[in-house]
Amino acid sequence: EGKADVLAFLRQHMGVDSRADLKALFKDAVGVPQGTFTAAFLLSAAPRKKVFDSLLQVEDYQQAFERLREPLRLLETRAQKLDVSVAGLQARLEQLPSLEAAVIARRAEIERVAATAREAQRLLDAAVARRDVLDAVRNELAALQSKQAQATQRQEGTARQLAAAGQALTEAETAHAIVEEHREDSRRYVAAQEEQKRLDARLRERTRLETERAAGDKATALAEGDLTRLQHDLDEIEAARATAEGLAAAVETQAQQENLLAAARQEAARLQDAETAVARRQQSLDRLLARRDALAADAARTAALEAQRAGIQAEIEELLRSIDRLKENDAGLRAEGQKVKEQSAALQNVETALCPVCEQPLSEGHRHDMMARNDQHLESLRVQFREVKDGITQAQAQSASKQQELAATEKALRSLPRPGEVEEAGREVAAGQAELTELRAQEAQLAGAPARSEALAAQLAELGDPRRRYAIAWERAQQAERVQQEMRKTKSAIDERRQKLAGIQAQLAQYAEVDAALDAVNAEIRLHADAYQAVLSHHRVAETVEPRRAEVAQLQAAREQGQAELERLAAQLEQVQARFDADAYRQAVSEEQELRGRIGGMRAQQEMLAQQQADDEQAIVQLKRLSATLAAAQAEQHAVAEQTAMLETVRSMLRQAGPYITSVLIRQISDNARQIYGDIMQDHSRHLAWNEDYGITLEVDGHERQFEQLSGGEQMTAALAVRLALLRELSSIDVAFFDEPTANLDEMRRESLARRILEIKGFRQLFVISHDDTFEQATQNLIRVERVNGISQIVEG
């Protein structure tokens with residue numbers, strides 16, 4: 001599912017920690033690359049420590065120590081916040097005693113103010129009762145005064161209405177006399193107006209008929225003009241039909257000529273396509289010919305380059321064999337030199353120096369001779385060693401040069417044509433030539449098309465496009481039926497309008513006397529108009545004579561009743577005024593207002609005290625809740641302090657435990673490596689040790705030798721033992737890869753190492769990658785890879 005999932009899977013199934021460096025684990029333990037098996041152990045202490053510290057994860061304890069710094073910092077921050085919170089809570093709780101004392105004192109003050117307010121309310125109730133009695137008398141007096149004023153206003157209004165009613169009665173009697181005088185002439189005026197309305201209606205009907213007659217005359221004239229135009233159109237349509245019939249033969253000729261021109265133009269277009277195709281095919285054929293000639297020239301070089309490549313490969317293989325022999329000589333010289341050095345070191349000790357042949361104590365002279373001979377031998381070995389080194393360097397340089405030469409030769413071969421590519425190019429040239437011949441034949445066949453096209457176009461131009469003229473004439477000829485229908489409709493409409501005009505003229509004859517009758521009626525109206533206006537302006541007032549007489553009598557009776565009412569109200573008002581004391585009323589109102597003000601102030605004071613009491617009581621409740629919060633914060637303070645102390649202890653233990661656990665781990669790996677080394681060498685008398693500086697030492701017969709002093713085979717075996725022990729200790733991996741593990745070993749030790757590797761216990765599967773065939777007889781499965789024609793291939797298994 002992705003890189004992260006794959007890495008997690010590998011760590012899980014390899015039994016390693018989630019933080020383990022898989023790349024370092026493979027490189028330094030599971031599958032050490034060729035040539036680097038002993039490299040890490042030949043480093044000085046500091047670089048060597050860097051390699052194996054990462055593999056052993058000895059820095060994990062220091063990293064754990066550092067990673068716990070952040071939790072510790074968080075706890076310290078939490079402790080600081082708790083200190084601030086506890087201090088704030090304690091400061092707020094200091095107010096609790098003073099608030100409780102203030103609440104108790106305020107309760108007495110609230111009771112005192114309440115008692116004073118109750119007494120003031122009693123006095124206010126008495127004052128209100130006195131004021132209410134006087135208010136009733138005062139309201140009664142005001143009501144009587146209001147009634148007296150209203151009665152006076154009514155009496156005055158009645159007098160004014162009586163005067164106006166008398167005047168209106170006189171006006172009505174005068175109007176009644178005028179109406180009676182002009183009544184008959186007004187009636188004649190109204191009758192003349194009715195006759196005038198009847199005659200006006202007949203006059204409007206005559207005007208309508210005259211307008212309708214004029215419109216009919218106009219429509220008839222327009223229809224007759226349309227009829228003339230339609231007859232002209234019909235004549236043009238008949239001429240167009242004759243023109244179309246005359247153009248039919250020319251249209252057919254035009255169609256034939258156009259078909260011939262289209263075919264000629266198509267052939268001209270095909271000629272252009274053929275010319276273009278010929279040019280393109282000629283260019284393609286030129287390229288194919290050039291390519292065929294170039295391929296033929298390159299094919300001649302292929303055999304020479306293949307022979308050259310085979311020679312270079314043979315030289316490289318000979319150089320590689322030479323390098324292997326020189327490396328074997330190098331390992332033998334190193335081993336022999338190490339033995340001579342050990343012998344010289346033993347001869348240095350005068351007390352323990354023994355003859356290496358008879359193992360008897362040596363004389364001083366004999367010891368010096370042997371030491372001098374050993375020095376000469378060592379010098380000779382050094383010369384040989386330098387020669388071998390120079391030979392290896394020279395052979396490797398030659399091999400690298402040959403490899404470059406081989407790569408260049410193979411690159412040149414890859415650029416040369418493949419077998420059969422020249423023949424394929426020849427076939428492509430032949431096919432191109434055949435296609436070009438066919439295209440040129442098509443080009444020749446179509447050569448006359450442009451001239452035919454031009455001649456046909458000229459003939460069509462001479463015809464003058466009769467099809468277009470035929471289409472115009474034919475379209476006009478198709479309108480004959482429509483025009484004839486319109487002519488029939490127009491004639492019918494003219495006949496109908498003429499009949500209608502005759503009817504209108506007959507109706508107009510009935511209205512000949514209207515003008516004379518209307519003049520007589522207008523004279524009658526003018527004669528009696530003044531009488532009609534006099535009656536019209538006075539008849540409404542004349543009709544009110546009797547109602548106005550009744551109104552005058554009614555107002556006279558109301559005036560007498562109003563006078564009696566005024567006399568009665570005056571007597572009642574005098575009696576009530578005798579019962580009302582204005583000074584006592586003003587004193588009661590002033591006392592009520594003063595008491596209400598005092599009571600309002602005391603109520604405001606009560607509300608203020610109650611609000612202060614409620615606020616302080618609420619504050620006391622909140623402070624008591626804060627007491628519980630303070631207790632919880634103090635408990636958390638204690639818990640955070642304990643956690644901080646515990647975390648500091650754990651960090652201290654991690655920091656101190658790292659070196660001890662690393663030492664134990666190295667001892668375990670060293671013990672396992674010693675066992676593996678003994679198994680491989682079949683000699684458990686030699687004690688291999690992996691020290692805390694990650695250096696390897698080998699103790700043989702009581703003498704301890706450093707890793708650099710070991711022979712190539714011993715170094716390879718020792719490094720192999722330590723890496724296998726590392727792998728076994730650091731994970732549950734039971735698979736290992738050995739890349740050229742027999743390098744620098746003689747034949748006997750190679751066979752021994754091969755057997756011992758296969759006898760190593762605790763590993764399910766071992767992979768050996770080697771040019772050496774020593775392992776072939778002992779392996780369960782063999783895969784052989786050889787270079788065939790410059791390509792690595794599996795040739796047998």
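Residues numbered from 1 in each chain as written. Predicted model: local features only at pLDDT ≥ 70, side-chain atom pairs only at ≥ 80, totals over all residues. Heavy atoms only, no water.

Caption draft 1: Spotlight on the nonpolar core. Within the largest apolar cluster, 45 residues are counted, with the highest numbers of intra-cluster contacts made by Leu688 and Trp690. Sequence-distant contacts of Leu688, that is, excluding residues within four places in its chain, are made with Ser670, Ala673, Arg674, Tyr677, Ile696, Thr697, Leu698, Ala718, Ala721 and Val722. One finds Leu93, Leu99, Val103 and Ala633 within the second-largest nonpolar core, a separate group that totals 11 residues. (Core = buried A, V, L, I, M, F, W, Y, C linked by side-chain atoms within 4.5 Å. Buried < 20%, exposed > 50% of the residue type's maximum accessible area, 1.4 Å probe, protein only. Contact = heavy atoms within 4.5 Å.)

Caption draft 2: Structural view of the pattern of salt bridges. Under the definition given, this model contains 30 salt bridges. Where Lys402 meets Glu315, a salt bridge forms, and the shortest distance between an N and an O atom there is 2.6 Å. Of the two residues, Lys402 is situated in helix H8 (residues 364-415) and Glu315 in helix H7 (residues 96-348); the sequence distance between them amounts to 87 residues. A relative accessible area of 21% places Lys402 in the partly exposed class. Looking at Glu315, the relative accessible area reads 36%, which means it is partly exposed. Through salt bridges with shared partners, one network takes in Glu205, Arg208, Glu212 and Lys500. (Salt bridge = Lys/Arg side-chain N within 4 Å of Asp/Glu carboxyl O. Helix = DSSP H or I, 4+ residues; strand = E, 2+ residues; numbered from the N terminus.)

Caption draft 3: Quick peek at the packing of H7 against helix H13 (residues 514-527). Remark: H7 packs on H13, axes separated minimally by 9 Å, with the N-to-C direction vectors making an angle of 155 degrees. Between H7 and H13, the interaxial angle falls into the category roughly antiparallel. The way H7 lies across H13 gives a crossing that is left-handed. Together, Arg188, Tyr189, Ala192, Gln193, Glu195, Gln196, Leu199, Asp200, Arg202, Leu203 and Arg206 of H7 and Val514, Asp515, Ala517, Leu518, Val521, Asn522, Glu524 and Ile525 of H13 make up the contact between the two elements. Of the residues that constitute the contact of H7 with H13, the class distribution is nine nonpolar, three polar and seven charged. (Axes fitted to C-alpha atoms, helices over the stretch in contact; angles between N-to-C directions. Parallel < 35°, antiparallel > 145°, perpendicular 65-115°, else oblique. Left-handed = near helix turned anticlockwise from the far one by under 90°. Nonpolar A, V, L, I, M, F, W, Y, C, P; charged D, E, K, R; others polar.)

Caption draft 4: View of the packing of H7 against helix H11 (residues 466-477). For the pair H7 and H11, interaxial distance at closest approach is 6 Å and the crossing angle is 150 degrees. Between H7 and H11, the angle is such that the two are roughly antiparallel. Considering only the axes of H7 and H11, their crossing is left-handed. Along the lines of polarity and charge, the residues of the contact of H7 with H11 split into 13 nonpolar, two polar and seven charged.

Caption draft 5: Local environment of empty space enclosed by the protein. Scanning the model with the defined rule gives one cavity of 30 Å³ or more in all. The space that makes up the largest cavity amounts to roughly 30 Å³. The wall of the largest cavity is formed by Ala29, Val30, Val32, Phe37, Leu720, Arg723, Leu724, Ala736, Phe737 and Phe738. Contributions of two or more residues to the lining of the largest cavity are made by helix H2 (22-30), helix H17 (712-730) and strand S5 (735-739). A class-by-class count of the residues in the lining of the largest cavity yields nine nonpolar, no polar and one charged. (1 Å grid on protein atoms, 1.4 Å probe; cavity = no way out; pocket = protein on both sides within 12 Å on 5 of 7 lines; lining within 4 Å. Points joined across faces, edges and corners; volume = space filled by probe spheres on them.)

Caption draft 6: Molecular detail of the pairing of S5. Pairing of strand S1 (residues 31-32) with S5 involves two bridges; the strand directions are parallel. In the strand pairing of S5, Val32 is matched with Phe738. Relative to strand S6 (residues 765-769), S5 runs parallel, the two being bridged by five bridges. Within S6, the position partnered with Ala736 by the bridge is Leu766. (Pairing = 2+ DSSP bridges.)

Caption draft 7: Representation of a nonpolar patch on the surface in the model. Residues Val6, Phe9 and Leu10 make up a contiguous nonpolar surface patch of about 260 Å² in total accessible area. Inspection of the secondary structure puts Val6 in helix H1 (residues 3-14). A relative accessible area of 44% places Val6 in the partly exposed class. (Patch = residues over 30% accessible without salt bridge, like charges linked within 9 Å, V, L, I, M, F, W, Y side chains within 5 Å. Areas by Shrake-Rupley, 256 points an atom, 1.4 Å probe, with all protein chains shown as cover.)

Caption draft 8: Structural detail: helix H12 (residues 480-508). Counted at 1.5 Å a residue, the expected span for H12 with its 29 residues is 42 Å, and the 43 Å between its end C-alpha atoms agrees. Of the positions making up H12, those classed as buried are Ala480, Val483, Met487, Thr490, Ile494, Leu501, Ile504 and Leu508. Structurally, H12 contributes buried residues whose contacts are with H7 and H11. (Expected span 1.5 Å × (residues − 1).)

Caption draft 9: Here's a closer look at the sheet that holds S5. Read from one edge of the open sheet, three strands run S1-S5-S6, paired in parallel fashion. Strands with a single pairing partner mark the edges of an open sheet, and in this sheet they are S1 and S6.

Caption draft 10: Molecular detail of the confidence of the model for the chain. Residue-level pLDDT values for the chain average 80, and 94% of them are 70 or greater. Looking across the chain, the model is least confident in helix H18 (residues 747-759), with a mean pLDDT of 67, and most confident in strand S2 (residues 687-690), with 92. (pLDDT = per-residue confidence, 0-100.)

Caption draft 11: Seen up close, helix H15 (residues 545-579). Compared with the 51 Å implied by 1.5 Å per residue over 35 residues, the 53 Å span of H15 between its first and last C-alpha is a close match. When we look at burial in H15, the residues that qualify are Val545, Val552, Leu555, Gly562, Leu566, Leu569, Leu573 and Val576. Among the structural elements, H7 and helix H14 (529-542) are those in contact with the buried residues of H15.

Caption draft 12: Here's a closer look at the pairing of S2. Examined bridge by bridge, S2 and strand S3 (residues 696-700) share four bridges and lie antiparallel to one another. Paired with Trp690 across the strands is Ile696, a residue of S3. Linking S2 to S3, which pair antiparallel, is a turn of five residues; within it Tyr694 sits at a positive phi near 65 degrees.

Caption draft 13: Focus on the packing of aromatic side chains. All told, the structure shown has four aromatic pairs when counted by the stated rule. Measuring from centroid to centroid gives 5.3 Å for Trp690 and Tyr694, while their planes differ by 40 degrees, and the two rings are tilted. Judged by its relative accessible area of 3%, Trp690 is buried. Looking at Tyr694, the relative accessible area reads 2%, which means it is buried. Consider the rings of Phe737 and Phe767, whose centres lie 4.6 Å apart with planes at 10 degrees: the pair is stacked. A residue pair is termed long-range when its members are at least 10 positions apart, and Phe737 in strand S5 and Phe767 in strand S6 qualify at 30 residues. By relative accessible area, which is 31% here, Phe767 ends up partly exposed. Aromatic rings pair up to connect Phe26, Phe737 and Phe767 into one cluster. (Phe/Tyr/Trp six-rings, centres within 6.5 Å; stacked < 30°, edge-to-face > 60°.)

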